Amino acid sequence: QVQLVESGGGLVQPGGTLRLSCTASGFTFSMYAMRWYRQAPGKERELVASISGASRRTTYADSVKGRFTISRDNVKNTVYLQMNSLKPEDTAVYYCMNDSLWGQGTQVTVSS
């Protein structure tokens with residue numbers, strides 16, 4: 001079955017950390033760039049970070065540079081998003097995707 005399954009979301013206080021995981025199945029994971037998006041209530045979905053397949057070249061939205069790190073394990077077919085120094089404005093549903101396939105999303109809430 002071709003799918004992406006995210007996990008690792010939750011409630012965290014400002015300044016806290018979370019690590020999101022997205023495990024892929026049903027396709028050759030290492031051949032695809034992977035991306036993390038997020039969507040906050042009432043806002044459009046935005047690209048947070050991306051990582052290429054082989055070279056692991058990464059890009060980040062300006063709003064998360066220096067705080068978030070995207071990485072991947074092509075043996076475990078998993079892409080990660082390490083989120084540090086979280087802010088209330090990071091609250092959103094986070095989705096991973098390859099070129100055309102989306103996961104179901106995982107909720108991240110940053111609140112005291």
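Above: the structure in question.
The paragraphs below set out a description of the structure included in this document. Small disclaimer: the values here were computed from a predicted structure and weren't measured.

The rules behind each value
Residues numbered from 1 in each chain as written. Predicted model: local features only at pLDDT ≥ 70, side-chain atom pairs only at ≥ 80, totals over all residues. Heavy atoms only, no water. Helix = DSSP H or I, 4+ residues; strand = E, 2+ residues; numbered from the N terminus. Buried < 20%, exposed > 50% of the residue type's maximum accessible area, 1.4 Å probe, protein only. Polar contact = N/O pair within 3.5 Å; in protein donor to acceptor, adjacent residues only side chain to side chain. Contact = heavy atoms within 4.5 Å. Pairing = 2+ DSSP bridges. Axes fitted to C-alpha atoms, helices over the stretch in contact; angles between N-to-C directions. Salt bridge = Lys/Arg side-chain N within 4 Å of Asp/Glu carboxyl O. Core = buried A, V, L, I, M, F, W, Y, C linked by side-chain atoms within 4.5 Å.

With that settled, consider the side chain of S50. Within the secondary structure, S50 sits in strand β5 (residues 46-51). You can call S50 buried: its relative accessible area is 14%. Among the polar contacts made by the side chain of S50, one reaches the side chain of T59 at a distance of 2.4 Å. Discounting chain neighbours no more than four positions away, the residues touching S50 are M34, R35, R57, T58, T59 and I70.

Right, let's talk about the environment of L4 for a bit. Here L4 shows up in strand β1 (residues 3-7). On the accessibility criterion, L4 (4% relative accessible area) is buried. L4 has contacts with C22, T23, A24, F27, M34, C96, M97, N98, L101, W102, G103 and Q104, leaving out every residue within four places of it along the chain.

Attention shifts here to the sheet that holds strand β8 (residues 78-83). Pairing is antiparallel across the open sheet formed by four strands, whose spatial order is β1-β3-β8-β7. Edge positions in the sheet fall to β1 and β7 (68-73), since each of these pairs with one other strand and no more. Along the sheet, successive strands turn relative to each other by an average axial angle of 15°, direction set aside. Judged from the six bridges that link them, β7 and β8 form a sheet pairing that is antiparallel. Following the sheet pairing, I70 is matched in β8 by L81.

Looking now at the pattern of salt bridges. One pass over the full model with this rule turns up five salt bridges. A salt bridge links R38 to E46; the shortest N-O distance between them is 2.6 Å. Overall, the relative accessible area of 32% leaves E46 in the partly exposed class. Between R67 and D90 there is a salt bridge whose closest N-O contact spans 2.7 Å. Of this pair, R67 sits in the loop between β6 (58-60) and β7 while D90 sits in the loop between β8 and β9 (92-97), placing them 23 residues apart in sequence. Residue classification places R67 among the buried residues on the basis of a relative accessible area of 10%.

The next subject is the pairing of β7. By the alternation rule, side chains of β7 split into F68, I70 and R72, which are all buried, and T69, S71 and D73, of which none is buried. Linking two consecutive strands that pair antiparallel, namely β7 and β8, is a turn of four residues; a positive phi of about 55° is found at N77 within it.

Among the nonpolar cores identified, the biggest contains 26 residues, and W36, V48, F68, V79, L81, M83 and Y94 are the most heavily contacted of them. Here this core gets four residues from one element, more than from any other, and that element is strand β3 (residues 18-25). Here M83 is in contact with G16, T17, L18, L20, R67, F68, Y94 and V108, once residues within four sequence places are set aside.

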